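Fold and geometry: a report
Residue strings, one per chain:
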Amino acid sequence: MHTDTSAPDGHGIGVVAFDVDGTLTVRDCVMPFLAAVAGPVGAVGALARVPFATLGARGTGRRDAAKRIAVRSCLGGRSEDEIIAKGQRFAERVARGWMRADTVARLRSHQREGLAVVLVSASLGPYLHPLGDMLEVDAVLCTEVEFSGGVATGEIVGENCRGAEKVRRLLEWGSGAGFVGGGWLVAAYGDSGGDREMLAEAREAVHVGGVEVPA
């Protein structure tokens, strides 16, 4: 596949955005990470605290509410050092066995083309930042865990990085990185409704499904 890497604003380089869970990985990572921190019993307990109507319902607001409850239950009160250390180990686990070979190959191909590559994901920062380092991406935009005084408050910082929030974060990063005007988002990869707005912003939208993405 040939991609035009030039940005219409004159930068001569563009940006490619990748969702993570289900796009670069073969599965969701949020609950497995919470279980890695709080233990399987703790994770099950977190799910038990989510109202049944919220857990089974669709919609961004309800999904976000369920995620906040799970994060609060599993991470609240734990030390920042513990969470960061477990995030590093979890990222190594993901890198070893949960990555999609096809989409990672696309990511590497875009890097060779000279494009800036950004991860834009609702996954959690403690493991997504080290995974981004392993993938050598230019930026990681994700749902961040709030810490205060070296302890997790149990809250997330700002909004869950999903849907329209992905576009807001991406445009904010692009502005700070010197990308102005339109057309600098060369391509975006996603697999769910939470990526719809980001895909719509890109010159090339790649919806990743269960079928292997061609080289």
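Scroll up for the structure.
These lines cover the structure that appears in this document, whether it is placed above or below. (Residues numbered from 1 in each chain as written. Predicted model: local features only at pLDDT ≥ 70, side-chain atom pairs only at ≥ 80, totals over all residues. Heavy atoms only, no water.)

1. Notes on the sheet that holds strand S3 (residues 139–143)
Ordered by their spatial adjacency, five strands build an open sheet running S3-S2-S1-S6-S7, and the pairing between neighbours is parallel. Edge positions in the sheet fall to S3 and strand S7 (204–207), since each has one partner strand and no second. The mean angle between the axes of side-by-side strands here comes to 15°, regardless of whether they run parallel or antiparallel. Bridge count for strand S1 (residues 15–18) against strand S2 (residues 116–124) is four bridges, and the pairing is parallel. Residue pairing for S2: Val16 is matched across the bridge by Val117. Lying on the sheet, helix H5 (residues 101–112) is in contact with S1, S2, strand S6 (185–190) and S7; it crosses S1 at an angle near 160°. Contacting S1, S2, S3 and S6, helix H7 (residues 164–176) runs over the sheet at an angle of about 145° to S2. (Pairing = 2+ DSSP bridges. Helix = DSSP H or I, 4+ residues; strand = E, 2+ residues; numbered from the N terminus. Axes fitted to C-alpha atoms, helices over the stretch in contact; angles between N-to-C directions. Contact = heavy atoms within 4.5 Å.)

2. Some words on unusual backbone geometry
Even without being a glycine, Glu136 presents a positive backbone phi close to 60°. Positionally, Glu136 belongs in the loop between helix H6 (125–135) and S3. Its relative accessible area of 58% is what places Glu136 among the exposed residues. (Buried < 20%, exposed > 50% of the residue type's maximum accessible area, 1.4 Å probe, protein only.)

3. Quick notes on the packing of aromatic side chains
For any two aromatic rings, the description comes down to two numbers: the centre-to-centre distance and the angle of the planes. Scanning the model with the defined rule gives seven aromatic pairs in all. Aromatic pair Phe18 and Tyr189: ring centres 4.3 Å apart, planes at 5°, arrangement stacked. Here Tyr189 lies in strand S6 and Phe18 lies in strand S1, a separation of 171 residues in the sequence. Pair check on accessibility: Phe18 and Tyr189 agree, each one buried. An aromatic cluster of at least three residues, connected via ring pairs, comprises Phe33, Phe90, Trp98 and Tyr127. Sitting over the face of the ring of Trp98, Arg27 holds its NZ or CZ atom 4.5 Å from the ring centroid. (Phe/Tyr/Trp six-rings, centres within 6.5 Å; stacked < 30°, edge-to-face > 60°. Lys NZ or Arg CZ within 6 Å of the ring centre and 35° of its normal.)

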